[in-house]
Amino acid sequence: MKSKIDLKLVFALFGVALIWGTTYLGIRIAVESIPAWYVTAIRQSVASIIILVLLIKQKELKWIGWSSFKRQILLSILMVVIANGMTTVAEKTIPSGLASLINATSPLLVFLGCVFLGIQKASLKGFIGVFIGFLGIVFIFRDGLNDLLEPGYRNGILSLVIAVSGWTVGTIYSKKHSGKPQYIFLNLFYQFVFSAIIQLGLAMVFSGKADVSSWKTESIFATVYLAVFGSVLGYFCYHYALKKVSASEVSILTYFNTVIAIFLGWLILNEKVGIDLVVATVLIIAGVFITNYKKKAEVKAT
């Protein structure tokens, strides 16, 4: 007996792959003239307003209780403030394609984290995949270690390491404490409002008073795009997918993000795509695939 295709899940997975692949380009354009923390603060503020309107219209705005509220605050810190925020900071000095490639290592770390916590069984195949994936990281820096002496580049890479760590922990935690799909928008509302407040505070600390007159039109449009698509639609698709499949399976979509981001960076921003970056991309994608690939179990007739 064939299992019925979940079209909502298919669209959610497609949305995660396509939308978040374009956000790296959007971030790079946004930070050209807008300070990174202001980009994130505006992004989450606009997203919060959009979701608030939807919740009021559907009469679903309500208090979620202290237990759920604390859970959403933690996810907000890990996946929005840290992961999204530090990626935005990194792209001020790091090409969008490289940022997406380093973020693509997240599924490998999700696997290691799940094994360490006993959520997932260790396997030789998994560790081989992790080894191959991290060979890709070696390829990224094999001829560029001297670049790390340059403060902007070094700080960008460090920001991405922090971002990947936050996303990895958030992915594992989100899967372990997932709620019902109908509460996705409500949970996201609390996450985005909290992160917007925190990121606005960080913007004022690190960038001072906003000089809006210096912001370019394309950067403003890019920030709005990030809010509507990257935050509202992207996060909705991501959290919906987590309710249906494993954290590792959702994280596989990262390599689609990477290919899209690298292609758009090359096409629109004229970012250099050398042989080392291509080899690193192939190795990381291969590592993620090997680590997470599972044969579908046969469905028994009932």
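Owing to the predicted nature of the structure, the values given are computational and were not obtained by experimental measurement.

Rules used throughout
Residues numbered from 1 in each chain as written. Predicted model: local features only at pLDDT ≥ 70, side-chain atom pairs only at ≥ 80, totals over all residues. Heavy atoms only, no water. Helix = DSSP H or I, 4+ residues; strand = E, 2+ residues; numbered from the N terminus. Buried < 20%, exposed > 50% of the residue type's maximum accessible area, 1.4 Å probe, protein only. Contact = heavy atoms within 4.5 Å. pLDDT = per-residue confidence, 0-100. Core = buried A, V, L, I, M, F, W, Y, C linked by side-chain atoms within 4.5 Å. Phe/Tyr/Trp six-rings, centres within 6.5 Å; stacked < 30°, edge-to-face > 60°. Expected span 1.5 Å × (residues − 1). Lys, Arg positive; Asp, Glu negative; His and termini not counted. Salt bridge = Lys/Arg side-chain N within 4 Å of Asp/Glu carboxyl O. Axes fitted to C-alpha atoms, helices over the stretch in contact; angles between N-to-C directions. Parallel < 35°, antiparallel > 145°, perpendicular 65-115°, else oblique. Left-handed = near helix turned anticlockwise from the far one by under 90°. Nonpolar A, V, L, I, M, F, W, Y, C, P; charged D, E, K, R; others polar. Polar contact = N/O pair within 3.5 Å; in protein donor to acceptor, adjacent residues only side chain to side chain. Patch = residues over 30% accessible without salt bridge, like charges linked within 9 Å, V, L, I, M, F, W, Y side chains within 5 Å. Areas by Shrake-Rupley, 256 points an atom, 1.4 Å probe, with all protein chains shown as cover.

Asks: Help me out: how do you make sense of the overall build of the chain in this one?
Replies: When helices and strands are counted, the chain shows 12 helices and 0 strands. Of the regular secondary structure in the chain, the N- to C-terminal order runs α-α-α-α-α-α-α-α-α-α-α-α. Expressed as a percentage of the 302 residues in the chain, the buried residues total 49%. In the chain, 91% of the contacts between residues at least 6 apart in sequence involve partners at least 24 apart.

Asks: Is there a simple way to think about the confidence of the model for the chain in this case?
Replies: Any residue range with low pLDDT should be treated as having predicted coordinates unsuitable for detailed reading. Taken residue by residue, the chain gives an average pLDDT of 85. The fraction at 70 or more is 87%. Predicted confidence in the chain is weakest over helix H10 (residues 247-251), with a mean pLDDT of 64, and strongest over helix H2 (residues 36-57), with 95. Scored below 50 in pLDDT, residues 296-302 shows 3 contacts in the model against residues more than four places distant or in partner chains.

Asks: Would you take a moment to explain the nonpolar core for this structure?
Replies: One recurring pattern in soluble globular proteins: nonpolar side chains tend to sit buried together. Trp20, Ile51, Trp167, Leu188, Phe192, Tyr235 and Tyr238 are the most contacted members of the largest nonpolar core, which totals 31 residues. Sorting the residues of this core by element identifies helix H1 (7-30), H2, helix H3 (66-90), helix H8 (184-207) and helix H9 (217-244) as the ones contributing at least two each. When near neighbours in sequence (up to four residues on either side) are disregarded, Tyr235 contacts Trp20, Arg43, Met79, Val80, Asn84, Trp167, Leu188, Phe192 and Gly230. With 24 residues, the next largest nonpolar core counts Ala90, Leu101, Ile140 and Phe141 among its residues.

Asks: What is the right way to look at the packing of aromatic side chains in this model?
Replies: How two aromatic rings sit relative to each other is set out by the distance from centre to centre and by the angle between their planes. Tallying each qualifying case throughout the model produces 13 aromatic pairs. Taken together, a centroid distance of 5.0 Å and an interplanar angle of 75° make the contact between Trp63 and Trp66 edge-to-face. Of the residues examined, Trp66 reaches a relative accessible area of 59% and is grouped as exposed. Seen from their ring centres, Phe189 and Tyr190 are 5.7 Å apart, and the 75° between their planes marks the pair as edge-to-face. Each of the two residues, Phe189 as well as Tyr190, counts as buried. Pairwise contacts between aromatic rings join Trp63, Trp66, Phe69, Phe189 and Tyr190 into one cluster.

Asks: Any chance you could explain helix H12 (residues 275-292) here in plain terms?
Replies: An α-helix turns once per 3.6 residues; consequently, residues spaced three or four apart project the same way. Taking 1.5 Å of rise per residue, 18 residues should cover 26 Å, and H12 covers 26 Å from first to last C-alpha, within 8% of that figure. By the burial criterion, the buried members of H12 are Asp276, Leu277, Ala280, Thr281, Leu283, Ile284, Gly287, Val288, Thr291 and Asn292.

Asks: Any chance you could explain the side chain of Arg43 here in plain terms?
Replies: You can see Arg43 is positioned in helix H2. Although buried, Arg43 forms no salt bridge, and the nearest oppositely charged side chain, Glu91, lies 8.1 Å from it. Beyond its immediate chain neighbours, meaning those up to four positions away, Arg43 contacts Ile27, Asn84, Thr223, Leu226, Ala227, Gly230, Ser231 and Tyr235.

Asks: Would you mind showing me how to read the packing of H1 against H9 here?
Replies: Any two packed helices are characterised by how steeply their axes cross, that is the angle between the axes, and by the distance between the axes. One way to put it is that H1 packs onto H9 with a least axis distance of 8 Å and a crossing angle of 150°. On the basis of their axis angle, the class for H1 and H9 is roughly antiparallel. Pair H1 / H9 crosses with left-handed handedness. When its residues are assigned to classes, the contact of H1 with H9 shows 20 nonpolar, 8 polar and 3 charged.

Asks: Just checking my understanding: could you explain the environment of Ser219 for this structure?
Replies: If you trace the backbone, Ser219 turns up in helix H9. What makes Ser219 buried here is its relative accessible area of 0%. Between the C-alpha atoms of Ser219 and Ile29, which are 190 residues apart in sequence, the distance is 5.5 Å. Other than its neighbours up to four places away in sequence, Ser219 contacts Ile29, Ala30, Glu32, Ser33 and Ile34. Among the polar contacts made by the side chain of Ser219, one reaches the main-chain carbonyl oxygen of Ala30 at a distance of 3.4 Å.

Asks: What am I meant to see in the side chain of Asn84 here?
Replies: Topologically, Asn84 is positioned in helix H3. In this view, Asn84 contacts Thr40, Arg43, Gln44, Met79, Gln199 and Tyr235; residues no more than four positions away in its chain are not counted.

Asks: Is there a simple way to explain a nonpolar patch on the surface in this structure?
Replies: Together, Phe263, Trp266, Leu267, Ile268, Val273, Ile275, Val278 and Val282 give the surface a local cluster of nonpolar side chains, amounting to about 750 Å² of exposed area. When contributions to the nonpolar patch are tallied by element, the ones reaching two or more residues are helix H11 (254-269) and H12. Note that Val282 resides in helix H12.

Asks: Please explain the packing of H2 against H9 as it appears in this structure.
Replies: Running from N to C, H2 and H9 point in directions that differ by 55°, and their axes come no closer than 8 Å. Here H9 runs oblique to H2, going by the angle between their axes. In this structure, the crossing between H2 and H9 has a hand that is right-handed. For the pair H2 and H9, contact is made by Val39, Ile42, Arg43, Gln44, Val46, Ala47, Ile50 and Ile51 and by Thr223, Leu226, Ala227, Val228, Gly230, Ser231, Val232 and Tyr235, respectively. Residue composition of the contact of H2 with H9, grouped by class: 11 nonpolar, 4 polar and 1 charged.

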